[in-house]
Amino acid sequence: MEKGTLVEFRVQGDRRLGVVDRPDGKTRWFVVDERGQSHSLAPRQITYTVNGNTYKPSDIDKFLEEVKPYLDPSSLEVAWELLVEDGETVTPSQMANLLFSESNSAPSYAAHCLLSDDKLYFKQKGDAYEPRTAAQVAERKHQIEVEALKARGQQEFLTRVEQALQGEAVEWQRHDRQRLEGLEKYGTLLADIVKVGLNYDSLARAYPPPALVLETMNMLGRPATPQGAFQLLVDLGWWSATENLFLRRSSIPVQFPSKVLEVAQQRLDFPPTDLDTNRLDLTHLKVYTVDDESTTEIDDGLSWEKLPDSRERLWVHIADPTRYLAPEDDLDLEARKRGSTVYLPTGMIPMFPEILATGPMSLVQGRVCCALSFGVVLDETGAVEDFTIHPSLIKPTYRLTYEDVDEMLELGVQAEPEIAAIATWATKRKSWRYNQGAISINMPEAMIKVKNDDISIDILDDSRSRQLVAEMMILAGEVAARYGQVHNIPLPFRGQPQPELPPEDELLRLPAGFVRACAMRRCMPKSEMSITPVRHAGLGLDTYTQATSPIRRYSDLLTHFQLKAHLRGEVPPFTAEELKEVMMTVTSTTQELTMVERQTNRYWALEYLRRHPEEIWQVTVLMWLREDSNLALILLEDLGLQLPMVFKRSVRLGEQVLVKVSISDPQKDVIQFQEIIYQEAQTAAN
């Protein structure tokens, strides 16, 4: 190659012109560009040679000015139309002749530039270029349009993101939602920090981001990690900083499908024919419903009456949602999929649409309601002497809270002797169950509520009113199970194996109260579901099923379907095998619900403690988790919370100590306490 030859080469992909200066060894050449910089090039690095003249580096700018008028990409379409039919290849010099009717240095180089940059009409074949077929050009035009649309969509998305980050209201588009939903799915992986015990770094390694998430995070210059996705969604206002990732990670449906809502509205507007034409009219009875003040699904009521033979009958009235649905219809299948109502500190997710669950399905004060009523006569010991079950009509008289009933019992309200009578029978009933081997484990239970980002934690008192209601619900469950057992009806029976409790002398060596109760609780086996009767050791009953929350628990709804069909003289809708299959599905679902409820409560408990870093708490050492490393389970007595703590000294089970929160990170599920000595506590108090 002669000195002064003008050649094209690339520097980091950019086109560059230079003049050959001198050889560099046997095969390479030193080339000087228009800036006077020298480059050592191998022949394969030279992409075009300008023939016909010799140049100096100072001539390059002038040459480029000569080339510029010819650089019109649209002219290639004309050339392609002339060449595509024959499909012949063309060199840059030939293209210059075709386009410009001249083929000297500047037009030929311009043709080379147009052809080498073209991605639509021509493809390189050696030193020449071949026209693409019409079909190939059409496909590539489509690809270019798609890429342009994608680029425009990305830019518009970036604009909306910027607006959202500045706090402006944004109307997200369909394609935006695909990106945001992908980020949601990836961000929920943070729940695995709690579920699997991973930290942020190992979580990001274990779950590399999907392509769309990676593209989105790279576009925004954010880390493509679950934590990065979570933070972006919070910054955009798409999520709150306290988003329930456990719920989002689960398969629990939060919204009802539109079809189910339509069916619910139809049932409300046009109630189906009541299959229970022989309902027992109990509207003359005084009926008390007793719930927390916030309860909206009212599914049980209580009555008491004196019989002509001077015996007393207790009535437990249970809401009758099967009045509005049938097995395997849309409402039933949706309830089965949900398993139960979910109760979270931030609110509930109902099993049935609210227009039904809190309306005609509930036992509403002052309204004639359909119910399934259990009439029970107890003997003097509290054992069931006689019982009857009827589809019924009742008219709830009073809606009471637990506090109302406690006050009535304490004051001995003369106008409501029924309440005192029910309480008396509840006490006898409880004594009878403990004589049958029931096991009592009393541990404080925290009730966490979140409203407008304010967190409150109250201890659920085991008051007389709550014991009264609990005993009546257990009584109805026993009666329902006994009816199923006598008539050989497949029901979702619930049992609990006999626990192997520590020997009495071993229990007596433990501090009385919470420590002893905690040790007993550890020995209690999980309850079991069965389609045949089985003993429930914890309740002290030979047979038991849950039947008192059919609006809120699907297993209770199954009991109602089976019992009511038999009471009508029909074959129960579910055979033993069908019931078993449904129960397996529902049990799996409710286990997931229980896990989400537990994780969510723990999150808000830790968030509450995070917000009270200066508070001093009195705690009781309940049990050892790892005694060799001084890791114990403690009870925060004022809150009813049980959490782990590592002690820096030897402590005894049952010992009460004062602690402060040193670290609480609910998102990482980390809680650490430090012990406060008495003098520090006094100083803090002052």
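First, a word on scope: everything that follows refers to the structure included in this document. Not measured: the values here are computed from a predicted model. (Residues numbered from 1 in each chain as written. Predicted model: local features only at pLDDT ≥ 70, side-chain atom pairs only at ≥ 80, totals over all residues. Heavy atoms only, no water.)

**Thoughts on the overall build of the chain**
The helix and strand tally for the chain stands at 22 helices and 25 strands. For the chain, whose C-alpha radius of gyration is 39 Å, the value lies well above the compact-globule estimate of 26 Å for 686 residues. In terms of principal-axis extent, the alpha carbons of the chain reach across some 130 × 70 × 45 Å. Sorting the 686 residues of the chain into buried and exposed places 47% on the buried side. Look at the contacts in the chain between residues 6 or more apart in sequence, and 65% of them connect residues 24 or more apart. For the chain, the accessible surface area stands at approximately 34,700 Å², while carbon and sulfur atoms represent 49% of it. If you average the places of the 75 positive and of the 102 negative side-chain charges in the chain, the two averages end up 3 Å apart. (Helix = DSSP H or I, 4+ residues; strand = E, 2+ residues; numbered from the N terminus. Rg over C-alpha atoms; globule rule 2.2 N^0.38 Å. Buried < 20%, exposed > 50% of the residue type's maximum accessible area, 1.4 Å probe, protein only. Contact = heavy atoms within 4.5 Å. Areas by Shrake-Rupley, 256 points an atom, 1.4 Å probe, with all protein chains shown as cover. Lys, Arg positive; Asp, Glu negative; His and termini not counted. Charge placed at Lys NZ, Arg CZ, Asp CG, Glu CD.)

**What about the sheet that holds strand β2 (residues 14-24)?**
Read from one edge to the other, the open sheet built from 5 strands follows the order β4-β3-β2-β1-β5, with strand pairing classed as antiparallel. Each edge of the open sheet carries a strand with a single partner, namely β4 (38-41) and β5 (46-50). On average, each strand axis in the sheet is inclined to that of its neighbour by 40 degrees, with strand direction left out of account. Note that strand β1 (residues 6-11) and β5 share 4 bridges and pair antiparallel. Each bridged residue has a counterpart across the sheet, and for V7 the counterpart in β5 is T49. Each of β1, β2, β3 (28-33) and β5 touches helix α1 (residues 60-67); the most contacted strand, β2, lies at about 140 degrees to it. (Pairing = 2+ DSSP bridges. Axes fitted to C-alpha atoms, helices over the stretch in contact; angles between N-to-C directions.)

**Regarding the packing of aromatic side chains**
Per the counting criterion, the structure on display carries 12 aromatic pairs. Members of the aromatic cluster, connected to one another through ring pairs, are Y48, Y55, F63 and Y109. The residue whose ring lies beneath R179 is F157, and the NZ or CZ to ring-centre distance is 5.4 Å. The side chain of R466 reaches across the aromatic face of Y402, ending 4.0 Å from its centre. (Phe/Tyr/Trp six-rings, centres within 6.5 Å; stacked < 30°, edge-to-face > 60°. Lys NZ or Arg CZ within 6 Å of the ring centre and 35° of its normal.)

**Looking at the packing of helix α15 (residues 402-411) against helix α16 (residues 417-435)**
Where α15 meets α16, the axes come as close as 10 Å, and the angle between the chain directions of the two elements is 95 degrees. What the angle tells us is that α15 and α16 run roughly perpendicular. For the pair α15 and α16, contact is made by V405, M408 and L409 and by I419, A420 and A423, respectively. Per-class residue counts for the contact of α15 with α16 are 6 nonpolar, no polar and no charged. (Parallel < 35°, antiparallel > 145°, perpendicular 65-115°, else oblique. Nonpolar A, V, L, I, M, F, W, Y, C, P; charged D, E, K, R; others polar.)

**Structural notes on the pattern of salt bridges**
Under the criterion given, the structure shown has 50 salt bridges. K259 is the partner of D330 in a salt bridge, and the nearest nitrogen-oxygen pair spans 3.4 Å. With D330 in helix α13 (residues 330-338) and K259 in helix α12 (residues 258-269), this residue pair connects regions lying 71 residues apart in the sequence. The class of K259 is partly exposed, set by a relative accessible area of 46%. A salt bridge links D309 to R311; the shortest N-O distance between them is 2.9 Å. Residue classification places D309 among the partly exposed residues on the basis of a relative accessible area of 45%. The network of salt bridges with common partners includes D274, D276, R279, D320, R323, K564, R568 and E570. (Salt bridge = Lys/Arg side-chain N within 4 Å of Asp/Glu carboxyl O.)

**Concerning helix α6 (residues 174-187)**
When the terminal C-alpha atoms of α6 are compared, their 20 Å separation across 14 residues agrees well with the 20 Å that a helix rising 1.5 Å per residue should span. All of the buried residues along α6 are D176, R179, L180, L183, E184, Y186 and G187. As for α6, its buried residues are in contact with α5 (134-165), α8 (200-206), α9 (211-219), α10 (226-235) and α11 (245-249). (Expected span 1.5 Å × (residues − 1).)

**Some thoughts on unusual backbone geometry**
In this structure, Q12 takes a positive phi of about 50 degrees despite not being glycine. On the secondary structure map, Q12 appears in the loop between β1 and β2. In this structure, N630 is a non-glycine residue whose phi angle is positive, near 60 degrees. Topologically, N630 is positioned in the loop between β21 (617-626) and β22 (631-636).

**Examining the sheet that holds β22**
Strand pairing in a sheet is mediated by backbone hydrogen bonds. Such pairs are either parallel or antiparallel. As summarised here, the arrangement of the 5 strands in space is β23-β22-β21-β24-β25, forming an open sheet in which the pairing is antiparallel. Either end of the sheet is taken by a strand with one partner, and the two such strands are β23 (641-646) and β25 (670-676). The average angle at which neighbouring strand axes cross in this sheet is 45 degrees, direction not considered. In this sheet, β22 lies alongside β21 in antiparallel orientation, the contact comprising 6 bridges. Paired with R626 across the two strands is L631, which belongs to β22. Its contacts with the sheet place helix α19 (residues 514-523) against β21, β22 and β23, and it is angled at close to 35 degrees to β21. Contacting β21, β22, β23, β24 (656-665) and β25, helix α21 (residues 576-610) crosses the sheet at an angle of about 65 degrees to β23.

**Observations regarding a negative patch on the surface**
Negative charge collects at one region of the surface, where E293, E403, D404, E407, E410, D458, D461 and D462 lie side by side. Top element by residues in the negative patch is α15. It accounts for 4 residues. Locating D462 in the fold gives a position in the loop between β18 (454-460) and α17 (464-486). Taking the relative accessible area as the measure of exposure, D462 reaches 47% and is therefore partly exposed. (Patch = residues over 30% accessible without salt bridge, like charges linked within 9 Å, V, L, I, M, F, W, Y side chains within 5 Å.)

That is the geometry; function is a separate question.
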